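Chains, contacts and geometry: an overview
Below are the chains, spelled out letter by letter.
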Amino acid sequence: MTRRDARGAAREDGAEASGPMRTCVGCRRVAAKSGLVRFAAPDGVLKPDIKGRLPGRGAYVCRSEACLAEALRKKDAFARALRRKVSAPPAEELEEALKTVFRDREP
Ligand SMILES: [Zn+2]
């Protein structure tokens, strides 16, 4: 059930060893899905999908605040990945959610 876009199809080799690969919408690097934070916008508002339970398409960002900042700066990136218009949540709400995401990271 892997969806591939044109870009993803170009990289067949080695992709299976570490599971599904996704592109970070911030830096555009391809990384293992497990190392990225999923975002979804089930009601049109962007949310970090911390438990991986939000329905719909997901957009992925590295577990890096720099990548997230970059992805948010060009909000189109999320809209394109999710194939719908999205609005960013209030900054504080997003920050709060992200603290959880980054704090959850095991060393
Ligand atoms: Zn990134």
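Preceding block: the structure.
The notes below deal with the structure included here. (Residues numbered from 1 in each chain as written. Predicted model: local features only at pLDDT ≥ 70, side-chain atom pairs only at ≥ 80, totals over all residues.)

So, on to unusual backbone geometry. At Arg 28, a position not held by glycine, the phi torsion is positive, near 70°. In this structure, Arg 28 sits in the loop between strand S1 (21-23) and strand S2 (30-32). Backbone geometry places Arg 83, a non-glycine residue, at a positive phi of 55°. Mapped onto the elements, Arg 83 comes out in the loop between helix H3 (76-82) and helix H4 (91-103). (Helix = DSSP H or I, 4+ residues; strand = E, 2+ residues; numbered from the N terminus.)

On the basis of which strands lie adjacent, the open sheet formed by three strands has the order S4-S3-S5 and antiparallel pairing. The sheet terminates laterally at strand S4 (47-48) and strand S5 (59-62), the two strands that pair on one side only. Pairing analysis gives two bridges linking strand S3 (residues 36-40) to S4, with the strands arranged antiparallel. Bridge pairing in S4 links Phe 39 to Pro 48. (Pairing = 2+ DSSP bridges.)

Judged by nonpolar contacts, the single largest core of 19 residues is most densely connected at Cys 24, Val 25, Phe 39, Ala 59, Tyr 60, Val 61 and Phe 78. With residues up to four places along the chain from it excluded, the contact list for Val 61 reads Cys 24, Val 25, Gly 26, Leu 36, Val 37, Phe 39, Cys 67, Leu 68 and Ala 71. (Core = buried A, V, L, I, M, F, W, Y, C linked by C-beta atoms within 7 Å. Buried ≥ 20, exposed ≤ 12 C-beta atoms within 10 Å, placed from the backbone. Contact = placed C-beta atoms within 7 Å.)

Structurally, the position occupied by Ala 32 is in strand S2. Spatially, the C-alpha atom of Ala 32 lies 4.5 Å from that of Met 21, the residues being 11 residues apart in sequence.

With five of five residues buried, S3 is to be regarded as a mostly interior element. The alternating pattern of S3 places Leu 36, Arg 38 and Ala 40 on one face and Val 37 and Phe 39 on the opposite face, and all of these are buried. Two strands pair when backbone bridges link them, and S3 and S5 are joined in this way by four bridges, in the antiparallel orientation. Its bridge partner lying in S5, Val 37 is registered against Val 61. Adjacent in sequence and paired antiparallel, S3 and S4 are bridged by six residues, among which Gly 44 carries a positive phi angle near 90°.

Note that all results are geometric; they support no functional claim without further evidence.
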